[in-house]
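# Survey of secondary and tertiary structure
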Amino acid sequence: MNKTIYIAGKVTGLPAEPTALKFKEAQDELEAKGFDVINPIELINNPKEDWDVAMNKCLEALEYCDAIFMLPCYTDSKGAMIEHRTATKLGIQIYYELETII
């Protein structure tokens, strides 16, 4: 059975296209390592979604994950910091670099 990993990083306030590409590149690499990936940009799929509604959907999805991958930009993101704290509370494996993921 594949493990599921969530990608966390800064989305709000950034240009849509390069941000989506950054998340998609991480998704592709994680899928190549055998993970089922939850990409929050694809999960929400609506750049105009209310932040609180989007955050709740993301946190709900995170609860079903085995791991979370923190993009380097996560420290600049209120939402990603909440996701990091939630992962810590839930005991979910946290990765910071793709190279460290086997």
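Attention in this report is confined to the structure presented alongside it. Quick caveat, the model's predicted, so the values are computed rather than measured. (Residues numbered from 1 in each chain as written. Predicted model: local features only at pLDDT ≥ 70, side-chain atom pairs only at ≥ 80, totals over all residues. Heavy atoms only, no water.)

### Regarding the packing of helix α3 (residues 51-62) against helix α4 (residues 78-90)
How two helices sit against one another is set out by the angle between their axes and by the gap between those axes. Here is the rule: For helices, the axis comes from a line fit to the C-alpha atoms of the stretch in contact; other axes are also lines fit to C-alpha atoms, and the angle between any two N-to-C directions lies between 0 and 180 degrees. By the criteria applied, helices consist of DSSP H or I runs no shorter than four residues and strands consist of E runs no shorter than two, each listed in order from the N terminus. Working definition: roughly parallel below 35 degrees, roughly antiparallel above 145 degrees, roughly perpendicular at 65 to 115 degrees, and oblique for all remaining angles. Note: crossing handedness is left-handed where the near helix turns anticlockwise from the far helix by less than a right angle, and right-handed where it turns clockwise. We call two residues in contact whenever any of their non-hydrogen atoms come within 4.5 Å of each other. Charged residues are taken to be Asp, Glu, Lys and Arg, nonpolar residues to be Ala, Val, Leu, Ile, Met, Phe, Trp, Tyr, Cys and Pro, and polar residues to be all remaining types, Gly included.
Relative orientation of the contacting elements α3 and α4 amounts to 30°, with a least axis distance of 11 Å. The angle between α3 and α4 falls in the class roughly parallel. As for the relative orientation of α3 and α4, their crossing is right-handed in sense. The residues of α4 that touch α3, namely those facing Trp51, Met55, Cys58, Leu59 and Leu62, are Lys78, Gly79, Ile82, Glu83, Thr86 and Ala87. When grouped by side-chain class, the residues that make up the contact of α3 with α4 number seven nonpolar, two polar and two charged.

### Quick look at unusual backbone geometry
Stated precisely, the cut-off is as follows: Here's how the labels work: a residue is buried when its accessible area is under 20% of the maximum for its type, exposed when over 50%, partly exposed in between, all with a 1.4 Å probe on protein chains only.
Phi at Asn45 is positive, roughly 55°, even though this residue is not glycine. Position of Asn45 relative to the elements: it lies in the loop between α2 (40-44) and α3. Here Asn45 falls in the exposed class, since its relative accessible area comes to 64%.

### Some words on the nonpolar core
Operational definition: Here, the term nonpolar core denotes a set of buried Ala, Val, Leu, Ile, Met, Phe, Trp, Tyr and Cys residues that are joined through side-chain atoms within 4.5 Å.
Counting residues in each nonpolar core, the largest one holds 18 residues, and the members touching the most others are Tyr6, Ala8, Leu62, Ile68, Met70 and Ala87. Secondary structure elements with two or more residues in this core: β1 (4-8), α3, β3 (67-70) and α4. In terms of residues, this core owes the most to one element, α3, which gives six residues. The contact partners of Leu62, leaving out residues within four places of it in the chain, are Tyr6, Ile68, Glu83, Thr86, Ala87 and Ile92. Ala26, Val37, Leu71 and Ile101 belong to the second-largest nonpolar core, a separate cluster that totals 14 residues.

### Quick look at a negative patch on the surface
To keep things clear, this is the line we draw: Candidate patch residues must exceed 30% relative accessible area and have no salt bridge, after which like charges are joined if within 9 Å and Val, Leu, Ile, Met, Phe, Trp or Tyr side chains if within 5 Å. What sets the accessible areas is the Shrake-Rupley method with a 1.4 Å probe; for residues, cover comes only from the shown protein chains. Should a side-chain nitrogen of Lys or Arg be within 4 Å of a carboxyl oxygen of Asp or Glu, the pair is scored as a salt bridge. For the purpose of charge, His is not counted, nor are the chain termini; Lys and Arg are scored as positive and Asp and Glu as negative. By convention, charge coordinates are those of NZ in Lys, CZ in Arg, CG in Asp, or CD in Glu.
Among the surface-exposed residues, Glu25, Glu29, Glu97 and Glu99 lie close enough to one another that they form a single negatively charged patch. With respect to the helices and strands, Glu99 occurs in the segment after β4 (93-95).

### Regarding the pattern of salt bridges
This model, assessed by the stated rule, comprises two salt bridges. In this structure, Lys24 and Asp28 form a salt bridge, with 2.8 Å as the shortest nitrogen-oxygen distance. Placement of the pair is Lys24 and Asp28 together in helix α1 (residues 16-32), with a separation of four residues, close to one helical turn. Residue classification places Asp28 among the partly exposed residues on the basis of a relative accessible area of 36%. As a salt-bridge pair, Glu49 and Lys57 come within 3.3 Å of each other at their nearest N and O atoms. Given the relative accessible area of 38%, Lys57 is considered partly exposed.

### Observations regarding the side chain of Thr4
As for its position among the elements, Thr4 is in strand β1. Of the residues examined, Thr4 reaches a relative accessible area of 16% and is grouped as buried. Setting aside residues up to four positions removed in sequence, Thr4 forms contacts with Phe35, Asp36, Ile38, Tyr64, Cys65, Asp66 and Ala67.

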